[in-house]
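# Fold and geometry: a report
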Protein chains: 2
Amino acid sequence: MFGEFDLIRGIRKEYRVSPQVRLGPGDDCAILAPRLSATLATTDMLMEGVDFILAEAGPRAVGRKAMAVNISDIAAMAGIPTAALVSVALPQGKETKAMAIELLRGMRDVAEEFGVPIIGGDTNSWNGGLVINVTVLGEPNPHCGPVLRSGAKVGDRIFVTGPCGGSILDRHLNPRPRIREAVELARRLRLHSMIDISDGLSADLGHILEESGVGAVLNAEAIPIHPDAVRLSQGTGSTPLEHALGDGEDFELIFTVPTAEVDGVRESGLAVEIGEVIEKGFFLARKGIREPLLPKGWSHPL
Amino acid sequence: MFGEFDLIRGIRKEYRVSPQVRLGPGDDCAILAPRLSATLATTDMLMEGVDFILAEAGPRAVGRKAMAVNISDIAAMAGIPTAALVSVALPQGKETKAMAIELLRGMRDVAEEFGVPIIGGDTNSWNGGLVINVTVLGEPNPHCGPVLRSGAKVGDRIFVTGPCGGSILDRHLNPRPRIREAVELARRLRLHSMIDISDGLSADLGHILEESGVGAVLNAEAIPIHPDAVRLSQGTGSTPLEHALGDGEDFELIFTVPTAEVDGVRESGLAVEIGEVIEKGFFLARKGIREPLLPKGWSHPL
């Protein structure tokens, strides 16, 4: 059986030193020396059969996804990821060791791209399905601090960093955390609130609305629809727009800015305007006519 | 089905404010404001059928164990735990919600005892067994900084904070992290190296020896044997001493100090001396006669 210590050795051997990491894997704890006075922390667990089909995706893609979804949570605050801790429950069998190595490679593919050392972990095997948990630590954006879900104000304009919908066809396995986009936006302008799309555009915007105590109206014609949403709609009976609003795991960022910053966002080319923050309610405007929108999707089919 | 947001709400509602926590659960990340310039981080995953039998232990004990084993890793560095992030994969069924609540209660039983707010998490359900992952952050001991595995020196005396062996009978489900003992020891005297017993006394001391590049001789007569090791030995064919040396999950601390500190440890009453650090090799001395000891247990039955 592939032992825990083999994987720890593997991590240590290939471990890249970051100036913020005082001690990497191999002791009881890792030690991080943050440059700033606050630490961001987020954790996400992925399970075989729920978040991925192992036989279809392969362990390397699973590793990439597990790391990326956590880094995306740091992006959603305009933060900078600094370190990761990883835990895995590997299915016991002939492939256990090979799977561990591929998982680690996948995690490292993404971690290294974003300068995130893996500073600790816990490797296990069992007779169940593959489970992988990643915790990512980060530092707040030096310009603006953490951008919360709760900062949206009435009159804010709502933006999204890219086209949505249909990620299930492929993209959900290879999410690209929008760290650079968020950092660049925070450098250029004042962000009021932000979130990454994991549950779906309408559901995640709904989280901003709930936390901020406001409402929103989305402009149906403005919502960028991913080609995958169009493809997917051909077999589902839902429209591409329904997929763009309801599908999860796009990992684009939704954010709101005061009207004074709208030109700045347009000039950045980093996001498109999709709606406006209002006092209460959640609506989709189609040719100017408002229909109620439920945070988790549609109130009725179009 | 019990939704993720219900549990997050549960955590937020009962969430106790710590001055170090700027933002608790409910946003993309939690925000921690460490008082010191370094952050300790550790993570551990527990799986049904490997780390606990759910039907025997019940979810509350599982929650306690998951939190305690991580806090124990902070104790093993003489650190102070400051925050925890928890992820769970719950078996789908009628009991899912009740299980989530009991798990959270168990985690909180221990977290509150040690002043550790749960600042974030990820709640999932699936058709597999219960998996729970906890990440604990901490700060280094203000007197001595983190106590590593790698600091043991030839001539150091080896101590353990309590009797070992037989934890499988019951104690492994209710480990008591030795935070107070470690902090008190670090306040009184100079610790060279430390680890908590998760794999077993000989295996974990073996980690210290490997990381420090030294050897050790243990005094068989001095090793404190837990009554559970005696009870267990009656059915296993192993001796109580073999159980004390080989069994895991005692969560006592093993540490080494320079000879000048031996009296200080004795006066503290917090640990008993069990051996000495030597240049190389790993031995058990029985009535003065040394026999080789394998880090994972015994070279041969006694």
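Just so it is clear, the structure is predicted and the values come from calculations on it, not from any experiment.

## A word on the packing of helix α3 (residues 59-75) of chain A against helix α4 (residues 96-113) of chain A
Between two packed helices, both the angle of their axes relative to each other and the distance between the axes serve to describe the pair. All names here are of chain A. Between α3 and α4, the least distance of the axes is 6 Å, while the angle of their chain directions is 40°. Considering their axes alone, α3 and α4 lie oblique with respect to each other. Like other packed secondary-structure pairs, α3 and α4 cross with a definite hand, here right-handed. Touching P59, R60, A61, V62, G63, R64, A66, M67, A68 and I71 of α3 are M99, E102, L103, L104, R105, G106, M107, D109, V110 and A111, all from α4.

## Some thoughts on the environment of A:I274
Residues and elements named next belong to chain A. With respect to the secondary-structure elements, I274 resides in strand β11 (residues 272-278). Taking C-alpha positions, I274 is 14 Å from G200, a pair spaced 74 residues apart along the chain. Not counting residues up to four positions away in its chain, the partners in contact with I274 are I158, F159, V160, L218, N219, A222 and I223.

## Some thoughts on the pairing of strand β8 (residues 193-196) of chain A
Residue and element names in this part refer to chain A. The alternating pattern of β8 places S193 and I195 and M194 and D196 on opposite faces, both of which are buried. Where β8 lies against strand β10 (residues 253-257), four bridges are found, and the strand directions are antiparallel. Paired with D196 across the two strands is L253, which belongs to β10.

## Comments concerning the sheet that holds strand β1 (residues 21-23) of chain B
Taken together, the six strands give an open sheet; going across it, the order is β5(A)-β4(A)-β6(A)-β3(A)-β2(B)-β1(B), and neighbouring strands pair in mixed fashion. A strand with exactly one partner marks an edge of an open sheet, and here the two such strands are β5 (118-126) of chain A together with β1 of chain B. Averaged over all pairs of adjacent strands, the angle between their axes in this sheet comes to 20°, without regard to strand direction. Bridge analysis of strand β3 (residues 39-47) of chain A against strand β6 (residues 131-139) of chain A gives eight bridges, and the strand direction is antiparallel. Its bridge partner being in β6(A), A:A41 is matched across the sheet by A:L137.

## A few points about unusual backbone geometry
Residue and element names in this part refer to chain A. Of note in this structure, E249 is not a glycine but carries a positive phi near 60°. The residue E249 is located in the loop between α8 (240-246) and β10 in this model. With 20 C-beta atoms packed within 10 Å, E249 lands in the buried category.

## Quick word on the relation of the copies chain B and chain A
If you rotate chain B by 180° and push it 0.0 Å along the axis, it lands on chain A with an RMSD of 0.0 Å. Both copies of the chain, as the preceding transformation shows, are related through a two-fold rotation axis. The overlap is high: 100% of the interface residues of chain B also sit at the interface in chain A, so the same surface is used on both sides.

## A short note on helix α3 (residues 59-75) of chain B
Compared with an ideal rise of 1.5 Å per residue, which puts 17 residues at 24 Å, α3(B) spans 24 Å between its outermost C-alpha atoms and is within 8% of the ideal. Extensive coverage of α3(B) is indicated by the burial of 16 of its 17 residues.

## Brief notes about the domain arrangement of chain A
Residue and element names in this part refer to chain A. Domain assignment breaks chain A into domain 1 (4-139) and domain 2 (149-297). Looking at which element gives the most residues to the side of domain 1 that touches domain 2, the answer is α3, with 10 residues. Its residues placed into classes, the side of domain 1 that touches domain 2 shows 14 nonpolar, one polar and three charged.

## Structural notes on the interface of chain B and chain A
The partner chain A presents 48 residues to the 48 residues of chain B that form the contact. Considering every element that reaches the side of chain B that touches chain A, the biggest residue donor is strand β3 (residues 39-47) of chain B, with eight residues. Of the residues contributing to the side of chain B that touches chain A, the split by class is 24 nonpolar, 16 polar and eight charged. Looking at chain direction, strand β2 (residues 30-32) of chain A and β3(B) are connected through three bridges and run antiparallel. Note on β3(B): the bridge partner recorded for A:A30 is B:A41.

## Re helix α5 (residues 179-188) of chain B
Residue and element names in this part refer to chain B. Regarding α5, the residues found buried are I179, E181, A182, L185 and A186. Buried residues of α5 fall within an arc of 165° about the axis and therefore sit on the same side. Of the surrounding elements, those touching the buried residues of α5 are α3, β4 (80-91), β8 (193-196), β10 (253-257) and α9 (262-268).

## Digging into the pairing of β10(A)
On a regular strand, one side chain projects to one face of the sheet and the next to the other, so that they alternate. All names here are of chain A. Most of β10 sits inside the fold, with five of its five residues counted as buried. In β10, alternate side chains face the same way, and those of L253, F255 and V257 on one face and I254 and T256 on the other are all buried. Two elements, strand β7 (residues 157-160) and β10, share four bridges in a ladder whose sense is antiparallel. Across the sheet, F159 pairs through a bridge with F255, a residue of β10.

## Here we look at the confidence of the model for chain A
Residues and elements named next belong to chain A. Residues at a pLDDT of 70 or more form 91% of chain A, whose mean pLDDT is 90. Per-residue pLDDT stays below 50 along residues 297-302; that stretch engages in 12 contacts with residues further than four places along the chain or on separate chains. Here the complex is predicted with pTM 0.91, and the ipTM for its interfaces comes to 0.90.

## Concerning the sheet that holds β2(A)
Note on sheets: strands pair through backbone hydrogen bonds, and any given pair is parallel or antiparallel. The strand order β1(A)-β2(A)-β3(B)-β6(B)-β4(B)-β5(B) describes an open sheet built from six strands, whose pairing is mixed. Each of the sheet's edge strands pairs with one partner strand only, and the pair in question is β1 (21-23) of chain A together with β5 (118-126) of chain B. Averaged over neighbouring strand pairs, the angle between their axes works out to 20° when direction is ignored. Alignment of β4(B) against strand β6 (residues 131-139) of chain B, held across nine bridges, turns out to be antiparallel. The residue bridging B:A84 from the neighbouring strand is B:V136, located in β6(B). Running over the sheet, α3(B) touches β3, β4 and β6 of chain B and is turned about 35° from β6(B).

Calculation notes
Residues numbered from 1 in each chain as written. Chains lettered and ligands numbered in written order. Predicted model: local features only at pLDDT ≥ 70, side-chain atom pairs only at ≥ 80, totals over all residues. Axes fitted to C-alpha atoms, helices over the stretch in contact; angles between N-to-C directions. Helix = DSSP H or I, 4+ residues; strand = E, 2+ residues; numbered from the N terminus. Parallel < 35°, antiparallel > 145°, perpendicular 65-115°, else oblique. Left-handed = near helix turned anticlockwise from the far one by under 90°. Contact = placed C-beta atoms within 7 Å. Buried ≥ 20, exposed ≤ 12 C-beta atoms within 10 Å, placed from the backbone. Pairing = 2+ DSSP bridges. Least-squares fit on C-alpha atoms with pLDDT ≥ 70 in both. Expected span 1.5 Å × (residues − 1). Domains from an automatic or database assignment. Nonpolar A, V, L, I, M, F, W, Y, C, P; charged D, E, K, R; others polar. Arc of directions from axis to C-beta. pLDDT = per-residue confidence, 0-100.

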